[in-house]
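Spelled out, the chains give:
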Amino acid sequence: MYQPAETETSSHPSFIFSGQLPRLDALRTAINDLYLADESRCVDSLLSQVKLDAAARERIHSRAATLVQAVRANSSDKGGVEAFLHQYDLSSQEGMVLMCLAEALLRIPDADTADKLIRDKIVNGKWEDYLGASGSLFVNASTWGLMLTGKIIRLDQSVEKNLSTFMGKLVARLGEPVIRTAFRQSMRIMGHQFVMGRNIEDALKRADSSANKAYRHSYDMLGEAALTAQDAERYFKSYSVAIDAIGATVGKDESVFAAPSISVKLSALHPRYEFAQHQRVLDELVPKLIVLAERAKQYGMGLTVDAEEAERLDLSLDVIEAVYRSPSLHGWEGFGLAVQAYLKRAPAVIDWLIALAKQGKRRIPVRLVKGAYWDSEIKRAQERGLDGYPVFTRKPSTDVSYLACARKMLLNRDVLYPMFATHNAQTLATVLELCGGDYGFEFQRLHGMGEELYGEVVGKDK
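Report follows, based on the coordinates. Sequence order as written defines the numbering, with residues in each chain counted from 1. A pLDDT threshold of at least 70 governs which residues receive local features in this predicted model, and a stricter bar of 80 or more applies before side-chain atom pairs are shown or counted, although totals over entire chains, interfaces and linings include all residues. Hydrogens are left out, water is left out, and the side-chain values use all remaining heavy atoms of the structure.

Helix and strand labels come from DSSP, where a helix needs a run of H or I of at least four residues and a strand needs a run of E of at least two; each type is numbered from the N terminus. Along the protein, the regular secondary structure elements total 17 helices and nine strands. Whether a residue is buried, partly exposed or exposed follows from its accessible area with a 1.4 Å probe, protein chains only, as a fraction of its type maximum: under 20%, in between, or over 50%, in that order. Here the protein holds 462 residues, and 50% of them are scored as buried. Two residues form a contact once any of their heavy atoms are found within 4.5 Å. At a minimum sequence separation of 6, the contacts of the protein that also span at least 24 residues come to 74%.

Another aspect to go through is helix H10 (residues 229-247). Multiply 1.5 Å by the residue count of a helix minus one, and that product is the helix's expected span. The end-to-end C-alpha separation of H10 is 27 Å, in line with the 27 Å expected for 19 residues at 1.5 Å each. For H10, every residue scored as buried is listed here: Asp231, Ala232, Tyr235, Phe236, Tyr239, Ser240, Ala242, Ile243, Ala245, Ile246 and Gly247. Here the buried face of H10 lies against helix H9 (200-207), strand S3 (218-220), strand S4 (261-264), helix H11 (278-299) and strand S5 (302-305).

Further remarks concern the packing of helix H1 (residues 24-33) against helix H12 (residues 313-324). Interaxial angles span 0 to 180 degrees and are taken between N-to-C directions of axes, which are lines fitted to C-alpha atoms, for helices over the stretch in contact. The geometry of H1 relative to H12 is characterised by a closest axis approach of 11 Å and an angle of 155° between their N-to-C directions. Relative to H12, the element H1 is oriented roughly antiparallel. Two packed elements cross with a definite hand, and for H1 against H12 that hand is right-handed. Of H12, the residues touching H1 (which contributes Leu24, Arg28, Ile31 and Asn32) are Leu313, Asp314, Leu317, Asp318 and Glu321. Here the nonpolar group is Ala, Val, Leu, Ile, Met, Phe, Trp, Tyr, Cys and Pro; Asp, Glu, Lys and Arg are the charged ones; every other residue, Gly included, is treated as polar. Of the residues that constitute the contact of H1 with H12, the class distribution is four nonpolar, one polar and four charged. Each angle is binned into one of four classes, with values under 35 degrees roughly parallel, values over 145 roughly antiparallel, values of 65 to 115 roughly perpendicular, and all other values oblique. Definitions for this section: a left-handed crossing has its near helix turned counterclockwise from the far helix by less than a right angle. A right-handed crossing has that turn clockwise.

The subject of this paragraph is the pairing of strand S6 (residues 335-340). Within S6, six of the six residues are buried, which leaves it mostly tucked inside the rest of the structure. Of the two faces of S6, the one holding Phe335, Leu337 and Val339 and the one holding Gly336, Ala338 and Gln340 are both buried throughout. Bridge count for S5 against S6 is three bridges, and the pairing is parallel. For Val305, the partnering residue across the bridge sits in S6 and is Leu337. Assignment of crossover handedness uses the view with strands pointing away from the viewer, where a clockwise path from the first strand over the helix to the second indicates a right-handed crossover. In this view, the connection linking S5 to its parallel neighbour S6 by way of H12 has right-handed handedness. Two strands pair under a simple rule: DSSP has to find at least two bridges between them.

Mapping Ala259 onto the fold places it in the loop between H10 and S4. The class of Ala259 is buried, set by a relative accessible area of 5%. Spatially, the C-alpha atom of Ala259 lies 5.6 Å from that of Met301, the residues being 42 residues apart in sequence. The contacts of Ala259, once residues within four sequence positions are left out, are Val250, Glu254, Gly300 and Met301.

Moving on to the sheet that holds S4. Strand order in the open sheet formed by seven strands is S3-S4-S5-S6-S7-S8-S9, with parallel pairing between adjacent strands. Single-partner strands in this sheet number two, and they are S3 and strand S9 (442-444). Taken over all neighbouring pairs, the strand axes of this sheet differ in orientation by 30° on average, direction set aside. Contacts from H11 reach S4, S5 and S6, with the element oriented near 150° to S5. On top of the sheet, helix H13 (residues 346-360) reaches S6, strand S7 (364-369) and strand S8 (416-421); it is set at about 165° to S6, its chief contact.

So, on to the pairing of S8. Of all the six residues making up S8, six are buried; the element is thus mostly covered by neighbouring parts of the structure. Every second residue of S8 is oriented toward a common face, with Leu416, Pro418 and Phe420 on one face and Tyr417, Met419 and Ala421 on the other, all of them buried. Where S7 and S8 come together, five bridges link them in parallel fashion. When the bridges of S8 are listed, Arg367 appears paired with Met419. In the sheet, S8 pairs with S9 via three bridges, with the strands oriented parallel.

Here you go:
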């Protein structure tokens, strides 16, 4: 039977296999018990699972340092958009603002809405801190533009009727449309760095280019959020069309893990994807997801259920189990899901997936990510006056959770197909150490990010 791992401080069991399978409902209880668990106790219970000897730690440190040095050396030669993205990385508020704008502006049809988005996002950036920080003329010129745009928008929002100088008036009146137009265009250029294409046909064509052929691709639609039944039906049809287009590129003898795949957002397939509508979601969404999964199975490609907010996890697991058990999907190992390591429940979710896969007698692909909605999760918990948070509040805690989940997944590659999504050299080096030279898993990165890091890994002897 399952036995709890030996820990000193955790009041919640962390299950390891030792024979018979546990009951899935008991594992679901263990998952829910961790919803608002004490962060320190959670981390303490996981540390023993990721403990490595001194030699292993040294190998990880050496590999990570080598990767970082190589990435920095390669990045120093980059210019243009690459240098711009390197300067404004996602660890900064400004980088997050630019990423948000780049993605959103590709989908905004009218200039007025685009101006409002720029006005909302650009004014709080501390762009002057970056002026002159890069060796790239392109980056420094872009920073001047961002500073100027921000100041113009501040003037536009000011309640002051009289501007301090005639030049301020002139720039505000004559320069704003020109600068905003240029900014929208520059954001579209940057968005092209992160977005494969405006539609699945464009994305497939770009994936087939020489620059991208070294990678397998999992396609994800941007901006999914069904607010009405009509929205949900439109997304369902879009997913169906995309699966057909992707499936047409799958090789006849290509394995489901080597073939391209698609990611599906459950909240895009139902306008009331919330626990309060539990039975309605199971009745209406599960059949739709089964149809999409059957379509993907027909082509021998994978379909991954993307991550949702913490409050939807319990509902998502019910949907995933119902679809996984569908007799029409028997024998197909392409149906998987994303697990967010910043959730305190993530390690217990991996335990549950291992047990489900053993019961179903077929592998489940699992994409392990660190998390996608941290700010909103923290804010939502505060607004509701909860006693704690469903996510870890410290990055090192999430890192420990990620590695604990990774180790569980690697130890159970007979029933799970691990997919490690990371752009972090230390995490990548640790996974390579944990795998023990026996791969049977894959790394994943976002398009437009991590090229230099994975350029040191893809196709090279590890």
